[in-house]
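# Summary of the model geometry
Here is what each chain is made of, one letter per residue.
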Amino acid sequence: MEMAKRLLFLDDIRYPIEAYHYTKQDIFLRKDWHIVRNYEQFTKRIMEKGLPEMISFDHDLADIHYLKPNSDEYAEKTGYDCAKWLIEYCLDNYMDLPKFYCHSMNPVGKKNILSLLENFKNY
């Protein structure tokens, strides 16, 4: 039986090796990443396999992130939504957050995800 992949890479199009090219983080050279492309795959993977050792987040999880009419809410769920779900999951199950990283190229989205997770971790 193959060992469960303990690293979770959330990104709609990229692969870990591509994140390595612009982050220069050696973790992205590891071969034991499991890739999820959207919110549904992200939540399903964690509910089925449990928390990974580490999660790397992308923010924008669709070709175009358009806003809902008359709202500042995205129509498609983002990496930020995944991070919020992860916090609820950890609270509900009395678990600590896994290690996390954000490889998003969206500077505002990246800052939002990291702030949310850091605040929860330090809470």
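For the structure, see preceding data.
Criteria and cut-off values
Residues numbered from 1 in each chain as written. Predicted model: local features only at pLDDT ≥ 70, side-chain atom pairs only at ≥ 80, totals over all residues. Heavy atoms only, no water. Salt bridge = Lys/Arg side-chain N within 4 Å of Asp/Glu carboxyl O. Buried < 20%, exposed > 50% of the residue type's maximum accessible area, 1.4 Å probe, protein only. Helix = DSSP H or I, 4+ residues; strand = E, 2+ residues; numbered from the N terminus. Polar contact = N/O pair within 3.5 Å; in protein donor to acceptor, adjacent residues only side chain to side chain. Axes fitted to C-alpha atoms, helices over the stretch in contact; angles between N-to-C directions. Parallel < 35°, antiparallel > 145°, perpendicular 65-115°, else oblique. Left-handed = near helix turned anticlockwise from the far one by under 90°. Contact = heavy atoms within 4.5 Å. Nonpolar A, V, L, I, M, F, W, Y, C, P; charged D, E, K, R; others polar. Arc of directions from axis to C-beta. Phe/Tyr/Trp six-rings, centres within 6.5 Å; stacked < 30°, edge-to-face > 60°. Lys NZ or Arg CZ within 6 Å of the ring centre and 35° of its normal.

Counting across every chain of the model gives seven salt bridges. The salt bridge partner of Asp 32 is Arg 30, with a shortest N-O separation of 2.7 Å. You can call Asp 32 partly exposed: its relative accessible area is 26%. Of the charged contacts, one joins Glu 48 and Lys 44 as a salt bridge, the two residues approaching to 3.7 Å between their closest N and O atoms. Taken as a pair, Glu 48 and Lys 44 lie in helix 2 (residues 39-49) at a separation of four residues, close to a single helical turn. By sharing partners, the salt bridges in this structure join Asp 11, Arg 14 and Asp 58 into a single network.

By secondary structure assignment, the location of His 59 is in the loop between strand 3 (54-57) and helix 3 (79-92). By relative accessible area, His 59 is classed as buried at 4%. Only 2.6 Å separates the side chain of His 59 from the side chain of Asp 60, close enough to count as a polar contact.

The next subject is the packing of helix 2 against helix 3. Packing of helix 2 against helix 3 leaves a shortest axis separation of 10 Å and a crossing angle of 20 degrees. Here helix 2 is positioned roughly parallel relative to helix 3, judged by the angle of their axes. Where helix 2 crosses over helix 3, the handedness of that crossing is right-handed. Residue-level inspection shows Tyr 39, Phe 42, Thr 43, Ile 46 and Met 47 of helix 2 in contact with helix 3, the latter providing Asp 81, Cys 82, Trp 85, Leu 86 and Tyr 89. A breakdown of the residues in the contact of helix 2 with helix 3 according to their chemical character gives eight nonpolar, one polar and one charged.

All right, on to helix 1 (residues 16-23) then. Within the sequence span of helix 1, burial applies to Pro 16, Ala 19 and Thr 23. The arc enclosing the buried residues of helix 1, seen along the axis, measures out at 55 degrees, which places them on a common side. Those residues of helix 1 hidden inside the fold are in contact with strand 1 (7-10), strand 2 (33-36) and strand 4 (99-102). Residue Lys 24 follows helix 1 closely and has a positive phi angle near 60 degrees.

Tallying each qualifying case throughout the model produces seven aromatic pairs. Centre to centre, the rings of Phe 9 and Phe 28 are 5.9 Å apart; their planes meet at 80 degrees, and the pair counts as edge-to-face. Of this pair, Phe 9 sits in strand 1 while Phe 28 is found in the loop between helix 1 and strand 2, placing the two residues 19 residues apart along the sequence. A ring pair is formed by Phe 42 and Phe 57, whose centres lie 5.8 Å apart and whose planes are at 50 degrees; its orientation type is tilted. Taken together, the residues span a long stretch of sequence, with Phe 42 in helix 2 and Phe 57 in strand 3 at a distance of 15 residues. Of the residues examined, Phe 42 reaches a relative accessible area of 0% and is grouped as buried. Taken together, the ring pairs in this structure connect Phe 9, Phe 28, Trp 33 and Tyr 101 into an aromatic cluster. Between the NZ or CZ atom of Lys 24 and the centre of the ring of Tyr 20, over which it lies, the distance is 5.5 Å. It is Lys 77 that lies over the ring of Tyr 39; its NZ or CZ is 4.8 Å from the centre.

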